[in-house]
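Commentary on secondary and tertiary structure
One-letter residues, chain by chain:
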Number of protein chains: 2
Amino acid sequence: MQLTIRKIYEDPKLYKDQEIILQGWIRNHRDQKDFGFINLNDGTFFETIQVVYERENTDDFEAITKLTVGSSIEVVGRLELTPERSQPFEIKAKKVTLIGGADETYPIQPKRHTREFLREVAHLRPRTNLFSAVFRVRSIAAYAIHKFFQEQHFVYVHTPIITANDGEGAGEMFKVTTLNMDKLPRKEDGTIDYSKDFFGKEANLTVTGQLEGEAYAMAFRNIYTFGPTFRAENSNTMTHASEFWMIEPEIAFADIFDNMALIEDMVKYVVAYVLKEAKEEMEFFDKFVEKGLLQKLNDLLHSKFNRVTHEDAINILLNANVKFENKPAQGRDLAKEHEKFLTEKHFKSPVFVTDWPKDIKAFYMRLNDDGKTVAAVDLLVPGSGELVGGSQREERIDLLLKRMEEMHVPLHDLDWYVDLRRYGGAKHAGFGLGFERFLIYLTGVENIRDVIPFPRTPKNILF
Amino acid sequence: MQLTIRKIYEDPKLYKDQEIILQGWIRNHRDQKDFGFINLNDGTFFETIQVVYERENTDDFEAITKLTVGSSIEVVGRLELTPERSQPFEIKAKKVTLIGGADETYPIQPKRHTREFLREVAHLRPRTNLFSAVFRVRSIAAYAIHKFFQEQHFVYVHTPIITANDGEGAGEMFKVTTLNMDKLPRKEDGTIDYSKDFFGKEANLTVTGQLEGEAYAMAFRNIYTFGPTFRAENSNTMTHASEFWMIEPEIAFADIFDNMALIEDMVKYVVAYVLKEAKEEMEFFDKFVEKGLLQKLNDLLHSKFNRVTHEDAINILLNANVKFENKPAQGRDLAKEHEKFLTEKHFKSPVFVTDWPKDIKAFYMRLNDDGKTVAAVDLLVPGSGELVGGSQREERIDLLLKRMEEMHVPLHDLDWYVDLRRYGGAKHAGFGLGFERFLIYLTGVENIRDVIPFPRTPKNILF
């Protein structure tokens, strides 16, 4: 019977003593004089299965002993339950056939590799325990996000990747062009004639789908995006990539409190789903990557997220008996160490920081009645700091226009965005979740390069 | 009780005679001397709900009569069941409050608009029946695709958007750069010095995630991608966009027959899911967009997809008593009219065309034993022609290298891809489904510009 390792792990008793067929890759191989052990992984499940072969019961014993790590093979054998051992079942092989070999140059040998080295072989690293766990969790978490929103009938919107808006203001942009760089067309005044470019004007890679998402929220009430976004920032940190995926929900007839309720529900839903559906992977992370990870995530599931205004948060920091490297100050952003103190020491829980000074936030955030703060909210979590940023949007057209002018946001690009206030405007709110940042939180893997299949960072575009 | 229109439609009896609160947008408004009717849509559901207000039972009657189409309002009223009428329930308003107005310049008035006009107001068009149906179906179909693969434990892979591979060969590419176009850095020989560019070399937008997907299939066995892809082709047709979404599954230890089984399962699963979850929308398309759509989709669900080799397909066309504009010929591609004849006249069902001439297919497709054809498969469907293209991949390293050389595919970019045959290679197969093409098939909406929220085509990059 053709099976997969996942199927066997789901209910090994079903296949007791039956002849089964498996394909997969050799993770480890030890051979003795008259028998040998192969750890086989077929990609469908985190765990391997042990294949035992014996000289007297296997065809072509000598050939099997020569099989190398990384090779793909087909195994025909009998499933034997071994309840007395730590591995409660194994395959007693009758026949092992080589499909595709791997010689001694195969980079993923069964020993410790540095993560830096494995980035150089990103096409092969998902064959390791660590990265098979990371990228299965990535897949499951992505699905959990879709499931969460779809079950509540949010509409999934594919906002554009190539954009002519440069007023989004979320960061430096990549230019997209088909102009022949060696023969750039020029206008009479010598400037480049972008009317000759593919789209007839300058085009960039998007930094956010929020603005287009808002247009769809004003039609469908509740929407979300989930797609790639880009930053052409020359920063080489553990948490910055040039290309990453974002989830940006937007809800109409909703305020910042509805927004916070949605964020809390979503985060808890995804954490619970991943703990359930990627049990083996999460236990692996807990054991080998971040001790206490499962505790941290279970604590999150059972804690009510706290709420504090930015002003109160700064006061807490100012009154704390701690020497911060960055002195906290009213009106200023929070540093990583401040976030850590608030979530890990003071609140000992995830915390929403609300009502931020308007001068350090984006033009579209709703001005509070004090005239100084906006209805913005960041979610900080123990261990990772800022996980989500969101706000209630400015729905009052006069205040929005004033803010755009003050912040030099070009109106001609965003007149359509202002239309959303001209025609049937309503209070609405939304947030952005950086998917990779969430994965770092979920897995304990610290470097964003290790949670993206083929990461793009400055001067780095392998594969 | 705060409700949504979706909730009410799910089970109106639950709310009989109760006081409920709704927010939404006015789709239509007729007022008489002493009463009026508002068709309210709140975005959560395709259908509107009728709000009846009467002079003697409503606060501020005169103000309500002045409410304009497109405005957002809040309604407090009583749900009344009216089983004797075509609309089996309505809201008897007690109070109607304006949230955000829309004056006579509001572009989406309750009359017929051309689709061309509505593309100019793409930020507002999801407020029409047609586009609310299209984009809810888009969301539901996207989710169905995830659900189909995740239920079978396929791993969802985010393949890179920015790539340095230019050997993918699927079409013209957009260049991605942060170089200052007015001061391009030059090498000594006068050519542009891309080592100064963001990634240290030339970079483009991806045309396919397949190659990276293959790397992940050789680790997880079964994977799929679902992300944006790009073509910098200057073609203005109904079915070409510069930016569109693709689904690219890849399965290991699998051949072209497994591939066809997967395609058939997936297409049927998504069609069935959309028919069930977007019932109102699909009935709307059937009535107003493509007569017979529901019949077509139900037929598909219940037909076994046919299979024919490319050679036999050409013979069928040559022997058909039909004058084609493009003369069919062995060794040549199929034209749209050929596809139509095969699916609509000859087979009267979806049909897989297999074993294509190698010279008109990509370098990575597996050479058949005849040395002339490759194990490629296209799925043609009645009404739309080619929906899916796939193949078994060439897993034999010598044959792959030979083919790359013949087709001038640069090895230095794709050495990592060849590694997948060096180390534990195995037979594998996969396919690409253009998501928008599938939506055109599902909705009957003919122009790709009308199934993408903010479409990008040559010289067109609004919003």
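Residues numbered from 1 in each chain as written. Chains lettered and ligands numbered in written order. Predicted model: local features only at pLDDT ≥ 70, side-chain atom pairs only at ≥ 80, totals over all residues. Heavy atoms only, no water.

1. As for the overall build of chain A
Inclusion rule: Helix numbering and strand numbering both begin at the N terminus, where a helix is a DSSP run of H or I of at least 4 residues and a strand a DSSP run of E of at least 2. Between buried and exposed lies partly exposed: a residue is buried under 20% and exposed over 50% of the maximum accessible area for its type, with that area taken using a 1.4 Å probe on protein chains only. Working rule for contacts: check all heavy atoms of both residues, and any pair within 4.5 Å makes them a contact.
Tallying secondary structure elements over chain A gives 13 helices and 18 strands in all. Considering only C-alpha atoms, chain A reaches an extent of 85 × 60 × 45 Å along its principal axes. Put simply, chain A has 463 residues, and 62% of those count as buried. For chain A, long-range pairs separated by at least 24 residues make up 66% of all intrachain contacts whose partners lie at least 6 apart in sequence.

2. Here's the deal with the interface of chain A and chain B
Quite often, the size of an interface is put as the accessible area lost when its parts meet. Threshold: The term buried area refers to how much accessible surface (probe radius 1.4 Å) is lost by two components on association, counted for both of them together. Note on definitions: salt bridges are taken to be side-chain nitrogens of Lys or Arg within 4 Å of carboxyl oxygens of Asp or Glu. Think of a polar contact as two N or O atoms within 3.5 Å of one another; within protein, one of them needs to be a possible hydrogen donor and the other a possible acceptor, and neighboring residues in sequence only count if both atoms come from side chains. Here the nonpolar group is Ala, Val, Leu, Ile, Met, Phe, Trp, Tyr, Cys and Pro; Asp, Glu, Lys and Arg are the charged ones; every other residue, Gly included, is treated as polar. DSSP calls a pair of strands paired once it identifies at least 2 bridges connecting them.
Taken together, the contact pairs 112 residues of chain A with 112 residues of chain B. Both sides together, the interface formed by chain A and chain B hides about 8900 Å², and carbon and sulfur atoms give 65% of it. Interface area lost by chain A to chain B is led by H158, M181 and Y423 of chain A, which between them contribute 9%. Counting across the chain A and chain B interface gives two salt bridges. Residue R186 of chain B pairs with D182 of chain A through a salt bridge whose shortest N-O separation is 2.9 Å. Applying the counting rule to chain A against chain B returns 45 residue pairs in polar contact (both at pLDDT 80 or more). Of all the elements, helix α4 (residues 129-151) of chain A adds the most residues to the side of chain A that touches chain B, at twelve residues. Of the residues that constitute the side of chain A that touches chain B, the class distribution is 56 nonpolar, 33 polar and 23 charged. As paired elements, strand β8 (residues 175-177) of chain A and strand β8 (residues 175-177) of chain B share three bridges and run antiparallel to each other.

3. Observations regarding the environment of S303 of chain A
Residues and elements named next belong to chain A. Mapped onto the elements of the fold, S303 is located in the loop between α8 (293-302) and β14 (306-309). Judged by its relative accessible area of 16%, S303 falls in the buried class. Sequence spacing of S303 and K348 is 45 residues, and the spatial spacing of their C-alpha atoms is 9.5 Å. Setting aside residues no more than four positions away along its own chain, S303 makes contact with E264, K268, S349 and P350.

4. What to know about the pattern of salt bridges
Note on pairing: side chains with opposite charge can pair once their charged atoms come close. The tally for this structure, following the rule as stated, stands at 74 salt bridges over all chains. Taking the shortest distance from any N to any O, the salt bridge between R85 of chain B and E90 of chain B comes out at 3.1 Å. Across the pair E395 of chain B and R366 of chain B runs a salt bridge, and its minimum N-O distance is 2.9 Å. Remark: R366 of chain B occurs in the loop between β13 (351-357) and β14 (373-381) and E395 of chain B occurs in the loop between β15 (385-392) and α11 (397-406); sequence separation between them is 29 residues. Assessed through its relative accessible area of 17%, R366 of chain B is described here as buried. Among the charged side chains, a network of salt bridges with common partners joins K16, D17, R78, E80, E84, R85, E90 and K92 of chain A.

5. With respect to the domain arrangement of chain A
Residues and elements named next belong to chain A. Let me state the cut-off plainly: Source of the domain bounds: an automatic or database domain assignment.
Structurally, chain A comprises domain 1 (5-100) and domain 2 (127-171 + 207-450). Between domain 1 and domain 2, the C-alpha centre-to-centre distance is 45 Å. The partner domain 2 presents nine residues to the eight residues of domain 1 that form the contact. Contact with domain 2 buries surface across domain 1, with R27, F45 and F46 losing the most and accounting together for 74% of the total. For the pair domain 1 and domain 2, the number of links is zero salt bridges. Counting across the domain 1 and domain 2 interface gives four residue pairs in polar contact (both at pLDDT 80 or more).

6. Describing the nonpolar core
As a reminder of what qualifies: Nonpolar cores were defined as sets of buried Ala, Val, Leu, Ile, Met, Phe, Trp, Tyr and Cys residues, with membership established by side-chain atoms within 4.5 Å.
One finds I49, V267 and F285 of chain A together with I8, I49, V267 and F285 of chain B to be the most contacted residues of the largest nonpolar core, which totals 278 residues. Counting residues in each nonpolar core, the second largest holds 24 residues, with F174, L205 and F230 of chain A together with F174 of chain B among its members.

7. Thoughts on the sheet that holds strand β16 (residues 428-434) of chain B
Residues and elements named next belong to chain B. Basically, it comes down to this: Axis lines are fitted through C-alpha atoms, for helices just across the contact stretch, and the angle between N-to-C directions can take any value from 0 to 180 degrees.
The mixed open sheet is built from eight strands, whose spatial order is β6-β10-β11-β16-β15-β14-β13-β12. One side of each edge strand has no neighbouring strand; the edge strands of this open sheet are β6 (155-156) and β12 (306-309). Two elements, β13 and β14, share six bridges in a ladder whose sense is antiparallel. Among the inter-strand pairings, P357 is bridged to a residue of β14, identified as T373. Where helix α5 (residues 210-220) meets the sheet, its contacts fall on β6, β10 (222-230), β11 (243-252) and β16, and the angle it forms with β11 comes to roughly 30°.

8. Observations concerning the packing of aromatic side chains
What counts, and what does not: Stacked, tilted and edge-to-face pairs are distinguished by plane angle, under 30 degrees for stacked and over 60 for edge-to-face with tilted covering the rest, among Phe, Tyr and Trp rings (Trp via its six-membered ring) whose centres lie within 6.5 Å.
The final tally for this structure, using the stated rule, is 67 aromatic pairs over all chains. Between F199 of chain A and F174 of chain B the ring centres are 5.5 Å apart and the planes differ by 10°, which places this aromatic pair in the stacked class. A residue pair is termed interchain when its members come from two chains, as with F199 of chain A in the loop between β8 and β9 (203-205) and F174 of chain B in the loop between β7 (162-163) and β8. Look at F199 of chain A and you get buried, because its relative accessible area is 4%.

9. Quick look at the relation of the copies chain A and chain B
This is how the line gets drawn: To superpose the copies, least squares is applied to the C-alpha atoms of every residue with a pLDDT of at least 70 in both.
With an RMSD of 0.0 Å, the operation that places chain A on chain B is a rotation of 180° combined with a shift of 0.0 Å along the axis. What the superposition gives is, in effect, a two-fold axis relating one chain to the other. Relative to the rotation axis, the C-alpha of V176 of chain A is the closest in chain A, positioned 2.4 Å from it. Same-surface contact between copies: 100% of interface residues of chain A are shared with the interface of chain B.

10. Remarks on the side chain of E264 of chain B
Summarising the element assignment, E264 of chain B is placed in helix α6 (residues 256-277). For E264 of chain B, the residues in contact, after removing those within four places along its chain, are S303, K304, F305 and F352 of chain B.

11. Some words on the sheet that holds strand β1 (residues 19-31) of chain A
All names here are of chain A. In space, the five strands of this closed barrel follow the order β1-β2-β3-β5-β4, with mixed pairing throughout. The average angle at which neighbouring strand axes cross in this sheet is 55°, direction not considered. Looking at chain direction, β1 and strand β2 (residues 35-41) are connected through six bridges and run antiparallel. Of the residues in β2, the one forming a bridge with H29 is I38.

12. Looking at the confidence of the model for chain A
Basically, it comes down to this: Confidence scores labelled pLDDT are given residue by residue by the predictor and lie between 0 and 100.
Per-residue pLDDT for chain A has a mean of 96; in total, 99% of the residues score no lower than 70. Overall fold confidence (pTM) sits at 0.97, and the ipTM for the predicted complex is 0.97.

13. A look at the pairing of strand β16 (residues 373-381) of chain A
Residue and element names in this part refer to chain A. By the criterion of burial, β16 is predominantly enclosed, with nine of the nine residues buried. Pairing analysis gives six bridges linking β16 to strand β17 (residues 385-392), with the strands arranged antiparallel. From the neighbouring strand, V381 faces β17, where its bridge partner is G385. Where β16 hands over to β17, the hairpin turn is made up of three residues, of which G383 adopts a positive phi near 95°.

14. Regarding unusual backbone geometry
Residue and element names in this part refer to chain B. Non-glycine residue H408 carries a positive phi angle of around 55°. Here H408 is to be found in the loop between α11 and α12 (411-422). Of note, the phi angle at K459 is positive, near 65°, even though the residue is not glycine. Examined against the element boundaries, K459 turns out to sit in the segment after α13 (435-443).

15. A closer look at helix α8 (residues 293-302) of chain B
Residue and element names in this part refer to chain B. Heads up, the rule is: Working definition: the arc comes from the directions between the helix axis and the C-beta atoms, pointing outward to the latter.
Among the residues making up α8, those that are buried are L293, K296, L297 and L300. Summarising the axial view, the buried residues of α8 lie within an arc of 90°, below the 170-degree limit, and thus occupy one face. Residues of α8 that are exposed and angled more than 90 degrees away from the buried face: Q295 and H302. On its buried side, α8 packs onto α6, α7 (279-288), β14 and α13.

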